[in-house]
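One-letter residues, chain by chain:
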Amino acid sequence: MSATLSFTAPTARGPQDITLAYARVGAGEPLLLLHGIGHHRQAWDPVVDILATERDVIAVDLPGFGASPALSPGLPHDLPTTSAVLGAFCAALGVDRPHVAGNSLGGLLALELGRENLVRSVTALSPAGFWTQAERRYAFGVLTGMRRTARTLPLPLVERLSRTAAGRTALTSTIYARPGRRSPEAVVAETLALAHAEGFAETLRAGRSVLFTDDVPGIPVTVAWGSRDRLLLPRQGVRAKRTVPRARLVRLPGCGHVPMNDDPALVARVLLDGSRAQSARALRTSFSTVAL
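Residues numbered from 1 in each chain as written. Predicted model: local features only at pLDDT ≥ 70, side-chain atom pairs only at ≥ 80, totals over all residues. Heavy atoms only, no water.

> Can you walk me through the sheet that holds strand S8 (residues 248-252) in this structure?
Strand-to-strand pairing in sheets goes through backbone hydrogen bonds, with the strands running parallel or antiparallel. The strand order across the open sheet built from eight strands is S1-S2-S4-S3-S5-S6-S7-S8, with neighbouring strands paired in mixed fashion. The two strands at the open ends of the sheet, each matched to only one other strand, are strand S1 (2-9) and S8. Averaged over neighbouring strand pairs, the angle between their axes works out to 25 degrees when direction is ignored. Examined bridge by bridge, strand S7 (residues 221-226) and S8 share five bridges and lie parallel to one another. When the sheet's bridge partners are listed, Gly-226 is paired in S8 with Leu-252. Against the sheet, helix H3 (residues 105-115) contacts strand S3 (29-34), strand S5 (99-103), strand S6 (122-125) and S7, and its axis sits at roughly 150 degrees relative to S5. The strands touched by helix H9 (residues 235-243) are S7 and S8; relative to S7, the strand with the most contacts, the crossing angle is about 170 degrees. (Pairing = 2+ DSSP bridges. Helix = DSSP H or I, 4+ residues; strand = E, 2+ residues; numbered from the N terminus. Axes fitted to C-alpha atoms, helices over the stretch in contact; angles between N-to-C directions. Contact = heavy atoms within 4.5 Å.)

Set out below in structure tokens:
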């Protein structure tokens, strides 16, 4: 079920009225899904039906992305503000300490929510924040180029390109290892989402100084990285493991930066195992820690 929710969130500028768009489906323990910069909640569509067999799945458009409006002018789209907004969003839904899974920017936010003890477990897919400055500049340059392309291409051309595997590769191969598997409709929708993302520039600006350097104690943490991630290189997963030493580090063979569409069954399995009460035991029997 797709919906919007308006609520008040605490921020450094005082209480602010926020509206977020989200979709909710399934039953079981709550699982909050957070997408990456320039994307939208539909990035999770390939795995939602699998997850919904065991979880109350809540996929949300982050502020300024998808169908969610940007934050008020002057309010930064930074880590503390967005984390506070997500905490208030869960409270407004009546959801207490959900499991959380995130990709890229969403993975960084998931880890921050875990650090603040606002969630039951964290699964981070290629999370931001474990880069060197050179790697960050490279990633931001690629993202800026993708944004420029999405805003420049006429919609009829995007639609025509999306009808062929070669065209979908041209549009999305930076984030997908198997772009030909993405549906034409999804490629058009996510290109438009990137082009129209009101929060893109401010979120990118706020990320220039971001490094995740704290442990996430007391809850199960899984960090998973696609072996063919071209945006945030897989070696960053090793740094994440050093930073969060009790985390399980999982390799996603053949997957790119946004792995949900590359291998839905594998990603759904990682997310469900990561959010099970006995997740440490489940992951020990299901996966081995792999140097990336």
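> What's the story with the packing of aromatic side chains in this structure? I'm lost.
Evaluation of the coordinates by the stated rule reveals four aromatic pairs. Seen in terms of ring centroids, Phe-7 and Phe-89 are 6.0 Å apart; in terms of plane orientation they differ by 50 degrees. Their pairing is tilted. In this pair, Phe-7 is assigned in strand S1 and Phe-89 in helix H2 (residues 79-93), connecting sequence segments 82 residues apart. Assigned by exposure class, Phe-7 and Phe-89 land together as buried. Ring pairing ties together the aromatic residues Phe-7, Tyr-22 and Phe-89, which thus form one cluster. (Phe/Tyr/Trp six-rings, centres within 6.5 Å; stacked < 30°, edge-to-face > 60°. Buried < 20%, exposed > 50% of the residue type's maximum accessible area, 1.4 Å probe, protein only.)

Don't take any of this as a statement about function, it's just geometry.
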